[in-house]
Amino acid sequence: MSEAYRARNIGDPVAKQRAATFLGMTLTSTAALAAATDTHCPYCSLQCGMRLGGPTADAPVEVLERPDFPVNRGALCGKGRSAPALLARDVRLTGPLLRDHPGGPLRSAGWPEALDRVAAGLARVRAEHGPDAVGVFGGGGLTNEKAYLLGKFARVVLGTANIDYNGRFCMSSAAAAHRRAFGLDRGLPFPLEDIPHTGCLVLVGANPAETMPPAVRYFRELRETGGTLIVVDPRRTRTAELADLHLQPRPGGDLALALGLLHLVVADGLVDEEFVARRTTGFEQARASAMAHWPDRVERITGVPVHRLREAARLFGEAETGMVLTARGPEQHSKGTDTVGAWIDLCLATGKAGRPYSGYGCLTGQGNGQGGREHGQKADQLPGYRSIEDPAAREHVAAVWGVDPATIPGPGKSAYELLDGLGEPGGVKALLLAGSNPAVSAPNAGHVTERLRSLDLLVVADLVLSETARLADVVLPVTQWAEEDGTTTNLEGRVILRRRALDPPEGVRSELWVLRELAARLGVPEGFPADGFPVEAEQAFDELRRASAGGDADYAGISYARIAAEDGVFWPCPAEDHPGTRRLFLDRFATPDGRARFAAVTHRPADEEPDAAYPLYLTTGRVLSQYQSGAQTRRVAELNAAAPGPYVEMHPRLAERLGIADGEPVAVTSRRGRAVAPARITDAIRPDTVFMPFHWAGAGRANSLTNPALDPVSRMPEFKLCAVRVEPAQKEATP
Ligand code: SF4
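Residues numbered from 1 in each chain as written. Predicted model: local features only at pLDDT ≥ 70, side-chain atom pairs only at ≥ 80, totals over all residues. Heavy atoms only, no water.

Enquirer: Explain the overall build of the protein to me, please; I cannot follow it from the model alone.
Expert: In terms of regular secondary structure, the protein is built from 24 helices and 30 strands. Here the protein has a C-alpha radius of gyration of 25 Å; the compact-globule value for 735 residues is 27 Å, and the two agree. Principal-axis analysis of the C-alpha atoms places the extent of the protein at approximately 70 × 65 × 55 Å. Counting all 735 residues of the protein, 65% fall into the buried class. Long-range contacts, defined as pairs at least 24 residues apart, comprise 73% of the intrachain contacts of the protein with a sequence gap of at least 6. Charge separation in the protein, taken as the distance between the mean sites of 82 positive and 89 negative side-chain charges, equals 2 Å. (Helix = DSSP H or I, 4+ residues; strand = E, 2+ residues; numbered from the N terminus. Rg over C-alpha atoms; globule rule 2.2 N^0.38 Å. Buried < 20%, exposed > 50% of the residue type's maximum accessible area, 1.4 Å probe, protein only. Contact = heavy atoms within 4.5 Å. Lys, Arg positive; Asp, Glu negative; His and termini not counted. Charge placed at Lys NZ, Arg CZ, Asp CG, Glu CD.)

And the structure:
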């Protein structure tokens, strides 16, 4: 019996701690405190349940295990356990900051002065250049309430079409493919608890052992119960080490790989003809496309040997049930939507969708990556996952907002297009940015930083002085996680509730308050309700429920009381007596005819492939102890000790050929920029590829290099692949 099994099923505390340590997690005391608050981690989309007690001598609150929350059953990774460090006054903002002259220093200011400055600046730009010259940039970490009101503020108060958010950089390709195939986008159409019951799981470009360690128990349980785990990743990650079969394609090879597997499934007679006929459309085109991706060709494109392709196709095709889960690996490409579509086609052809313990899902990244894309901070969308171009949707939302539907702007620019045009003629001149750090996390980040500098007005609402906040004219310090109520929606589509456990520092305000204050200064349309920007999160949520009613992401039946009583509620949940929807598509897909649609796509190269000048692939990703742009985690001592800085991972053969020793500074150059970081030599990576984590600013900023080429459907940039040159930093060639 394995340690993990004993830990889960018998409650053996020693085994539990050992299993947790193996996964890089730390468990805390289970001692209950009288005043403890049940809440959730501020970081990734697993949204682990935790209990906050305290304060203690070391922290304003103490993180305690919350074993009754089903998703993580008490386990937390180091990021969650150390999250209270961010509440300390010395790492976060405690009052507004203003810059009086371009290039001058930021100085402290009171809230009235800061808000007056913001309102006057936004009004001036709007008057001089029109409403679309004012932009709003949100984040996938904002609560549902904040994301909802940010979208409403942009459309109703500013009247701008130009609002988008950093979630565009996260899972937009999977979302687009999901909607194309199934008519609805929810990251996972089933709860995580279903994973151990499937026959074969394919994880594509996902490394949950580093990004969300408590989720790994689902994959380990799958193997313990006899299921098969296949991992597709150019690197032999900690997750790949758990797999029965690891396929290691070249970066950008995931689309061809999926098509090659579909080819073999068809050739080997493993298509579920009855399912295809009864529940799908478009198979003939998909089959024709797959037939053009024969095994030898796919081996040439991907570097994965034919015998491994055959083994994977047989394991997945012959399994009674199966799942494919993608993450950023196949999604962050200029062909990300088609790549995910090809993996969905593989699921559909083998009958592994729309039935128990089978289906396609996306492992969303940011804490509210799911809810953040549902309620209106996206350029093309209104609350409830409604299209902003749908007249009925506009009418419904306008009625909730108390405005004329004609006053709601149309679709605006996507995230990178918005950033790329900052300060340009016809572009955004004033930007209100909340919960995002594009100076580190955007592709081609050097260019984006220059565009941010060119703005007439940059306003940043954040809890820390991030690299982007340092560029701002006005910085507004806002509340965080343990200091406020609010809902998020985890990667399963489970709406959960974060609870306020302590008061924020005196000079800090919530984004909800900031939006109301700005609305009061800027003015709202005639007839707009006086309480149109509620400050209380529950009030905002109740309005969101009404705005989402009847939409795809229908929250109408979800209340704070229900969430607390039920360990979260899965959307869609259209009425208070509706149980919520744990599993989607079991009877029909959400398309007009109820059938899933094959994508029928073909392989195409990346926007930028290696050549003589830039002969290697660069791929980027995450490490266990840092989170996204690192704005928060780089301020936590124990996380920094575990992951102190960037590095360039490379194969020993490549290092030898380039004359690079382990730990030596390495210059990585692309057509957009240059980064320098120490070499980390390992045979876990392909010899034609180098890897850099993207959590750091400065010389080692990986996104100085990345390619902003966009997916034509999702507008996702090609973070995961660009062509680079690598040299020892001291011997670097003059460009
Ligand atoms: Fe937080 Fe994600 Fe770690 Fe859970 S896995 S503790 S949600 S960072």
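Enquirer: In this structure, what is going on with the site of the ligand? I would like to understand it.
Expert: Neighbouring the ligand are the residues Cys41, Tyr43, Cys44, Gln47, Cys48, Leu76, Cys77, Lys79, Gly80, Met212 and Pro214. The residue makeup of the shell around the ligand, split by class, is eight nonpolar, two polar and one charged. (Near = heavy atom within 4 Å. Nonpolar A, V, L, I, M, F, W, Y, C, P; charged D, E, K, R; others polar.)

Enquirer: Explanation requested: the environment of Gly630 in the structure shown.
Expert: With respect to the helices, strands and loops of the structure, Gly630 is situated in the loop between strand E23 (616-621) and helix H23 (637-642). Using a relative accessible area of 0% as the deciding quantity, one classes Gly630 as buried. Considered as a pair, Gly630 and Arg701 are 71 residues apart in the sequence and their alpha carbons are 11 Å apart.

Enquirer: Just to check I follow, could you spell out the pairing of strand E6 (residues 134-138) for this structure?
Expert: Regular strands show a simple pattern: their side chains alternate between the two faces of the sheet. For E6, the tally of buried residues reaches five of five residues, placing the bulk of the element in the interior. The two faces of E6 match: Val134, Val136 and Gly138 on one face and Gly135 and Phe137 on the other face are all buried. Note: E6 against strand E7 (residues 163-165), three bridges, orientation parallel. What sits directly across from Val136, in E7, is Ile163. Taken together, E6, helix H5 (residues 144-158) and E7 constitute a β-α-β crossover, and its handedness is right-handed. (Pairing = 2+ DSSP bridges. Right-handed = clockwise from strand over helix to strand, strands pointing away.)

Enquirer: When you look at the sheet that holds strand E2 (residues 49-53) in this model, what are you seeing that I'm missing?
Expert: Strands belonging to one sheet form pairs held by backbone hydrogen bonds; the direction of such a pair is parallel or antiparallel. Judged by pairing direction, the sheet is antiparallel, and its three strands sit side by side in the order E1-E2-E3 without closing on themselves. Taken across any chain shown, the strands that pair with only one partner, and hence form the sheet edges, are strand E1 (37-40) and strand E3 (62-64). Strand-to-strand twist in this sheet, taken as the mean axis angle between neighbours without regard to direction, amounts to 40 degrees. Bridge count for E2 against E3 is three bridges, and the pairing is antiparallel. Note on E3: the bridge partner recorded for Arg51 is Leu64. (Axes fitted to C-alpha atoms, helices over the stretch in contact; angles between N-to-C directions.)

Enquirer: What's the story with the nonpolar core in this structure? I'm lost.
Expert: Where a protein is soluble and globular, its nonpolar side chains tend to be buried together. Judged by nonpolar contacts, the single largest core of 121 residues is most densely connected at Phe153, Phe182, Trp343, Tyr360, Trp401, Leu518 and Ile558. Per-element tally for this core: the top contributor is helix H9 (residues 254-267), with nine residues. A domain-level breakdown of this core finds at least three residues from each of domain 2 (97-169 + 381-570) and domain 3 (172-362). Aside from chain neighbours lying at most four places away, what touches Trp401 is Tyr148, Gly151, Lys152, Arg155, Val156, Leu382, Pro383, Ile408, Phe528, Pro529 and Glu543. If you look at the next biggest cluster of nonpolar residues, it comprises 46 residues, including Leu192, Val216, Tyr218 and Met323. (Core = buried A, V, L, I, M, F, W, Y, C linked by side-chain atoms within 4.5 Å. Domains from an automatic or database assignment.)

Enquirer: I would appreciate a short explanation of the pattern of salt bridges in the present structure.
Expert: Any two side chains of opposite charge can pair, so long as their charged atoms come close to each other. Per the stated rule, a full pass over the model turns up 48 salt bridges. Between Glu543 and Lys152 there is a salt bridge whose closest N-O contact spans 2.7 Å. Taken together, the positions of Glu543 in helix H21 (residues 537-548) and Lys152 in helix H5 put the pair 391 residues apart, joining distant regions of the chain. Each member of the pair, Glu543 as well as Lys152, carries the same accessibility label: buried. Among the ionic pairs, Asp338 bridges to Arg180, the shortest N-O distance being 3.0 Å. Of this pair, Asp338 sits in helix H15 (residues 336-349) while Arg180 sits in helix H6 (residues 172-182), placing them 158 residues apart in sequence. On the accessibility criterion, Arg180 (30% relative accessible area) is partly exposed. Here the salt bridges do not stand alone but share partners, grouping Asp38, Arg51, Arg66 and Asp68 into one network. (Salt bridge = Lys/Arg side-chain N within 4 Å of Asp/Glu carboxyl O.)

Enquirer: Please explain H15 as it appears in this structure.
Expert: Quick reminder: α-helices carry 3.6 residues per turn. Residues three or four places apart thus point the same way. With 14 residues, H15 should reach 20 Å at 1.5 Å per residue; the first-to-last C-alpha distance of 20 Å fits that figure. With respect to burial, H15 is a largely interior element, 14 of its 14 residues being buried. (Expected span 1.5 Å × (residues − 1).)

Enquirer: Can you walk me through the pairing of strand E19 (residues 486-489) in this structure?
Expert: Alternating residues of E19 divide into Gly486 and Thr488 and Thr487 and Thr489, and every residue in both groups is buried. Relative to strand E20 (residues 494-498), E19 runs antiparallel, the two sharing four bridges. Along E20, the bridge assignment pairs Thr488 with Ile496. Where E19 folds back onto E20 in an antiparallel hairpin, the turn is made up of four residues, including Gly493, whose phi is positive at roughly 85 degrees.

Enquirer: Would you mind showing me how to read the packing of H5 against helix H20 (residues 511-522) here?
Expert: Each pair of packed helices gets described by two things: the angle between the helix axes and the distance between those axes. Where H5 contacts H20, the axes come no closer than 10 Å and their chain directions differ by 10 degrees. As far as their axial angle goes, H20 and H5 are roughly parallel. Contacts between H5 and H20 involve Glu145, Lys146, Leu149, Leu150, Phe153, Val157 and Leu158 on the former and, on the latter, Glu511, Leu512, Leu515, Leu518, Ala519 and Leu522. In the contact of H5 with H20, the residues fall into 10 nonpolar, no polar and three charged. (Parallel < 35°, antiparallel > 145°, perpendicular 65-115°, else oblique.)

Enquirer: Explain the environment of Asp338 here, please?
Expert: Under the relative-accessibility criterion, Asp338 is labelled buried at 16%. The sequence separation of Asp338 and Phe69 amounts to 269 residues, and the corresponding C-alpha distance is 36 Å. Dropping the residues within four chain positions of it, Asp338 is found in contact with Arg180, Leu255, Val601 and Arg604.

Enquirer: Even after reading the chapter, I still don't get H21, so can you show me in this structure?
Expert: Over its 12 residues, H21 extends 16 Å from the first C-alpha to the last, a length consistent with the 16 Å expected when each residue adds 1.5 Å. When H21 is considered as a whole, its buried residues turn out to be Ala537, Ala540, Phe541, Glu543, Leu544, Arg545, Ala547 and Ser548. The positive-phi residue at the C-terminal boundary of H21 is Gly550, with phi of around 90 degrees.

Enquirer: Before we go on, may I ask you to explain the sheet that holds strand E12 (residues 322-326) in this structure?
Expert: Read across the open sheet, the five strands follow the order E10-E9-E8-E12-E13; overall the sheet is parallel. Two strands close off the open sheet at either side, each with one partner strand: strand E10 (245-247) and strand E13 (359-362). Going across the sheet, the axis of each strand differs from the next one's by a mean of 15 degrees, ignoring polarity. Looking at chain direction, strand E8 (residues 200-204) and E12 are connected through five bridges and run parallel. The residue of E12 that forms the bridge with Leu201 is Met323. Against the sheet, helix H13 (residues 306-318) engages E8, strand E9 (228-232), E10 and E12, with an angle of about 125 degrees to E10.

Enquirer: I would appreciate a short explanation of the domain arrangement of the protein in the present structure.
Expert: Much of the literature gives interface size as the accessible area that the parts lose upon coming together. For the protein, the assigned domains are domain 1 (3-76), domain 2 (97-169 + 381-570), domain 3 (172-362) and domain 4 (616-731). On the side of domain 4, 22 residues touch domain 2, which itself brings 21 residues to the contact. Around 1,600 Å² of area is buried between domain 2 and domain 4 when both sides are counted, 58% of it from carbon and sulfur atoms. Linking domain 2 to domain 4 there are two salt bridges. For the salt bridge of Glu467 with Arg634, the shortest nitrogen-to-oxygen distance reads 2.9 Å. Linking domain 2 with domain 4 are 12 residue pairs in polar contact (both at pLDDT 80 or more), by the criterion used here. Of all the elements in the fold, those that place two or more residues in the side of domain 2 that touches domain 4 are helix H17 (415-420), helix H18 (438-441) and helix H19 (445-453). Residue composition of the side of domain 2 that touches domain 4, by class: 10 nonpolar, seven polar and four charged. (Buried area = accessible area lost by both parts, 1.4 Å probe. Polar contact = N/O pair within 3.5 Å; in protein donor to acceptor, adjacent residues only side chain to side chain.)

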